[in-house]
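Fold and contact review
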Amino acid sequence: TRKYNQSGTVRHGFPYQPTALAFDPVQKILAIGSRTGGLRILGRPGVDCYCQHESGAAVLQLQFLINEGALVTACADDTLHLWNLRQKRPAILHSLKFNRECITFCHLPFQSKWLYVGTERGNTHIVNVESFVLSGYVIMWNKAIELSTKTHPGPVVHLSDCPRDEGKLLIGFESGTVVQWDLRTKKADFRIYYDEAIHSVSWHHEGKQFMCSHSDGSLTTWNLRNTSRPFQVVFPHGKAQRDGRKPESCKPILKVEYKTSKSGEPFVIFSGGLSYDKASRRPALTIMHGKAITVLEMDHPIVEFLVLCETPYANEFRLFIVILISLLPISLSHSYPIFENPYPMDIHESPVTCTAYFADCPPEIIPALYSIGAKHKKQGYSHKEWPVSGGTWTLGAQTYPEIIITGHADGSIKFWDASAITLQMLYKLKTSKAFEKPKAGEVRAVELVEEDPFAVQMVSWCPHSRLFCVVGISAHLILYRFSKYDVTTEIAALEVRLQCDIEETISPSEAEPNAGLTDPNLQSPQHPPGSPGCATPEGIRDSIPCLRVKNRPVRMPPGYQAELVVQLLWVDGEPPQQITSLDINSAYGLLALGNCNGLAVVDYIQKTVLLCMSTLELYGSSDPYQRLTRSPRKSRQFAAGMPKSLVMHLCLHIRLIAAYFSISFVSVKGPGRKLSLPTDLKAGHESRENSFSRSRSSSVSSIDRETKEAVTTLRFMESYARKVDAVSSPCLWVGTSLGVVLVIALSIPMDEEERQEEPVTVMPSGTVLMLKGSVLTFGSLDCSGGLISNPYEVWRDPHAPEDPDCPRRRKLVNFSPSSSQDAAGEGHLVVVCSEKQAKVFLMPAQTRLYVHHITESSFVLRADVVSVCNSVCLACFCANGHVMTLSLPSLRPLLDVNYLPLTDMRIARTFCFADGGQALYLSSPTEIQRISYTQEMCDSLQDMLGELFTPVETPEAQNKGFLKGFFGGNAQTFDREELFGEAAAGKASRSLAQHIPGQGSIEGMKAAAGGVVGDLARARLAAEERGQRLGELEERTALMMSSAEMFSKHAHELMLKYKDKKWYQF
């Protein structure tokens, strides 16, 4: 329907694998290119645009057409692209594909339309950026070097015009050769030959000397008056030899910038060049200012750095930016303080392991989180103005509070304000603070995980009650409450022993008549919190948790404070299986967790375990499957090869891909019982993510065959546990990996005092519903199709001072055991979605009203019941990349778009939907991509996008003064059109490069049609500029005429004075 549409909206985070950087000093916008062909353009906060080259080739270099609203990108597939930035969604205007040569370097002089392009063969071509065609003017490598030279100079690594004369082009070759080429005479002014390879070249702003960086860690300075030898050679980090010999070689200096400042002392900034004697030394950036040398060590390799100038003229600048695995802006002032980055570039500070997206949150939650998080912000930032301040951005008309939660491998949790397409970190929580640090030499059960034992697997958050639950990879769960006051208290701990010995499952059609059932011993006596557990005489671990909770009073600052930790225990040498499902309800005071062994329900108010059962026991006599046990039981001693516990751990991932995919997993270290995090959480394992193949593997099928029935989803709701129930009551709906839905009845005391003391009754009801595929989500609707929200408790600060006149009481919302609708016998609807199909049941009759087979050739990875466009729908994301929406309760297809094919487990793990027609996923290890799937939201978010280009007058060059200009200090200008135009240089060979027209011009016209005001402003500015130039021309003409008249007058007077004199009278 017209209401539903899909489009990507905005991307947050640091560009993954950055390769290039550029800055427009007039528009004040920053561009970053990546290895995957991505392009991010940043301006003031709120101005953030992501584009993608269709080829996916790495971006090698970026060149802004300064103050023109355009950008040139050079990619690894030897293609140049011209991007139009004068629209909200930049698009390619022209492309130029080189067929016979590889692009290595590009240079675009300021206010020029001719782009110099150096190639791997050593040639230099010239491209007209207006028409994007090659000029016939070519500087061939064999003409640039001397004829007597017998070796090829190598690829072009540098191109720049001389600051004093734009008609002189400096060409740097990789072999160490530097040539200054006179573009007018087509001859070389001078040639420099040096023994070491060149990596970069930088001019002094006066144009009298330049500096080169070399592969031996040296910097050479050359003076144009004498190019036979370098004016100066320095090894900034080389150790001087005692006998006066050349200092020892260092690592290559990859890039150097030679800048002068108003104080007179030049800045020399370079990356690399460190000595080889310290192999473990971190990457560094060196700043030489006069005699002072400052080394800034970095945690990650330096990809690129850039000096940001206030104007396009190179003699005025303030600061530079270093780009690593993150964006690090540093001020060139005393002590080199960094700027506070206004962009969310630290999402990947620790690898993201899970995400959650909440739209239309309570309005007071964002200020509450921000006020707490602001107290822990770092200090010592530079006080100077943030230099990347270009573009315009306005808040959209339809904005509401949105929060994104990210869980990380180090156990940290970050809350982000995602309102109005921006992203700003509000609050950071460290879950590892609830546990003791392992003592030296102590062997703990934390060895279950190879590394990152606190990694977050899933979160559950209730914005209204501010309760927050975190599930970690070490089979632990932490419950947090929010408070504005600090407190010193002990953290309660519960230990749960979940065990299941059922080895195989057989479908009802395959069941044998005499198949037996074995009831496992599921629960053993609980150990007190902090108990070390026990071990058998053979040393097998038993009844011990993976982590040790702090058993002493802990001081907790304001914010989220740990109240309860629930841990699963080792059983007979087998590590606990990871938690696969979670739900919490503040009105009931209960939380539920499940894994492949069974289900546990915890009363967090009374700090007790109410239920601890296997899935089989939940069925009772209503089990639709027959279970077979293996006899005799296998020994639980560790065996060589893949341990059974690892098979159990991987089965849940296999459930996502068992139908038509197979995946390569991280190898296990023999019998060491260590499990690894997913491969995409480790550096250097990105290639392992892309290990899917479109074939059904027999090994996968066999492993899936032995999978225990896991609890895959849980949902507390007001419902009917049995067909005979007349009124609704609190229930827990349980979905399993075999497509079975179970309903558990809950009996909860209503009175607040009774709730603190009276036990909660939990009992399986015997209700069993069946679907095809693993159950993913539940939803509750009234009979008219409206969404029924979960009951919740209104937040109250647990540590606020008590008011004797107004005692604190629990305030519950939507918690009513009987309603008028129930009394009328209408009941309600329950939506159940699995990997393959969706069904709608009428409760309490349990009648199936609607059914829809979502996919046959793939399977659903994520499904959520969401509110969209004043209605409710079921949103699904499939493994084949389709985003689908179904109407509720009729399950009629509304949208089916092939958006994003599943290429790695990261997308499957982080994809999530939110109300209002939005969704997000982790598009790379460092970036979050938000998408919208409704037309209304697409239009709204389109209006919120910032404008990259704003009409700004180009600043004039600083006047150098009379004496400098009189003695040759002024830069000489020349007409490039005369040299490079078709009339003078002819046409380039058609086989050399192919011109490809882009679609940006059409989109630009559409954007221009909707932005008449911007066009008028630009036209007015252009007219003013033309009028100003015409006025200057008239003044110059009048001055020249006046000068000519004065000269004529003086000449005439001189002629009259000496006209009648004889030669001997002089």
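In short, a report on the structure. It should be emphasised that the depicted structure is a prediction, and the values quoted were computed from it without experimental measurement.

A count of helices and strands for the protein chain gives 15 helices and 65 strands. In the protein chain, which comprises 1066 residues, the share counted as buried stands at 54%. For the protein chain, the share of sequence-separated contacts (at least 6 apart) that also reach a separation of at least 24 residues comes to 60%. Accessible surface, the protein chain: about 47700 Å² in total, of which carbon and sulfur atoms supply 52%.

A separate point is a negative patch on the surface. Taken together, Asp 751, Glu 753, Glu 754, Glu 757 and Glu 758 make up a surface patch of like negative charges. With respect to the element layout, Glu 753 can be found in helix 7 (residues 752-757). Here Glu 753 falls in the exposed class, since its relative accessible area comes to 62%.

The next thing to look at is the side chain of Asn 123. Secondary-structure assignment places Asn 123 in the loop between strand 11 (114-119) and strand 12 (124-128). Taking the relative accessible area as the measure of exposure, Asn 123 reaches 4% and is therefore buried. A polar atom in the side chain of Asn 123 sits 3.0 Å from the backbone nitrogen of Trp 141. Not counting chain neighbours up to four residues away, the residues in contact with Asn 123 comprise Glu 101, Val 117, Gly 118, Ile 139, Met 140, Trp 141 and Val 156.

Moving on to helix 2 (residues 365-373). Within helix 2, the full set of buried residues consists of Ile 365, Ile 366, Ala 368, Leu 369, Ile 372 and Gly 373. Buried residues of helix 2 fall within an arc of 165° about the axis and therefore sit on the same side. Along its buried surface, helix 2 packs onto strand 30 (402-408), strand 31 (412-417), strand 32 (424-430), strand 33 (456-462), strand 35 (476-483) and strand 42 (559-568).

Counted residue by residue, strand 35 has seven buried out of eight residues, so it is predominantly covered. As paired strands, strand 34 (residues 467-472) and strand 35 are joined by five bridges and run antiparallel to one another. If you follow Gly 472 over to strand 35, its bridge partner there is His 476. Following strand 34, the chain reverses through three residues before pairing antiparallel with strand 35; Ala 475 in that reversal takes a positive phi of roughly 55°. Direction of pairing for strand 35 relative to strand 42: antiparallel, over a ladder of eight bridges. Paired with Ser 483 across the bridge in strand 42 is Gly 559.

Attention shifts here to the sheet that holds strand 13 (residues 133-139). Pairing is antiparallel across the open sheet formed by four strands, whose spatial order is 10-11-12-13. What marks the edges here is a single partner per strand, and that holds for strand 10 (103-107) and strand 13. Averaged over neighbouring strand pairs, the angle between their axes works out to 30° when direction is ignored. Bridge analysis of strand 10 against strand 11 gives four bridges, and the strand direction is antiparallel. Bridged to Phe 105 within strand 11 is Gly 118.

About the cut-offs
- Residues numbered from 1 in each chain as written.
- Predicted model: local features only at pLDDT ≥ 70, side-chain atom pairs only at ≥ 80, totals over all residues.
- Heavy atoms only, no water.
- Helix = DSSP H or I, 4+ residues; strand = E, 2+ residues; numbered from the N terminus.
- Buried < 20%, exposed > 50% of the residue type's maximum accessible area, 1.4 Å probe, protein only.
- Contact = heavy atoms within 4.5 Å.
- Areas by Shrake-Rupley, 256 points an atom, 1.4 Å probe, with all protein chains shown as cover.
- Patch = residues over 30% accessible without salt bridge, like charges linked within 9 Å, V, L, I, M, F, W, Y side chains within 5 Å.
- Salt bridge = Lys/Arg side-chain N within 4 Å of Asp/Glu carboxyl O.
- Lys, Arg positive; Asp, Glu negative; His and termini not counted.
- Charge placed at Lys NZ, Arg CZ, Asp CG, Glu CD.
- Polar contact = N/O pair within 3.5 Å; in protein donor to acceptor, adjacent residues only side chain to side chain.
- Arc of directions from axis to C-beta.
- Pairing = 2+ DSSP bridges.
- Axes fitted to C-alpha atoms, helices over the stretch in contact; angles between N-to-C directions.

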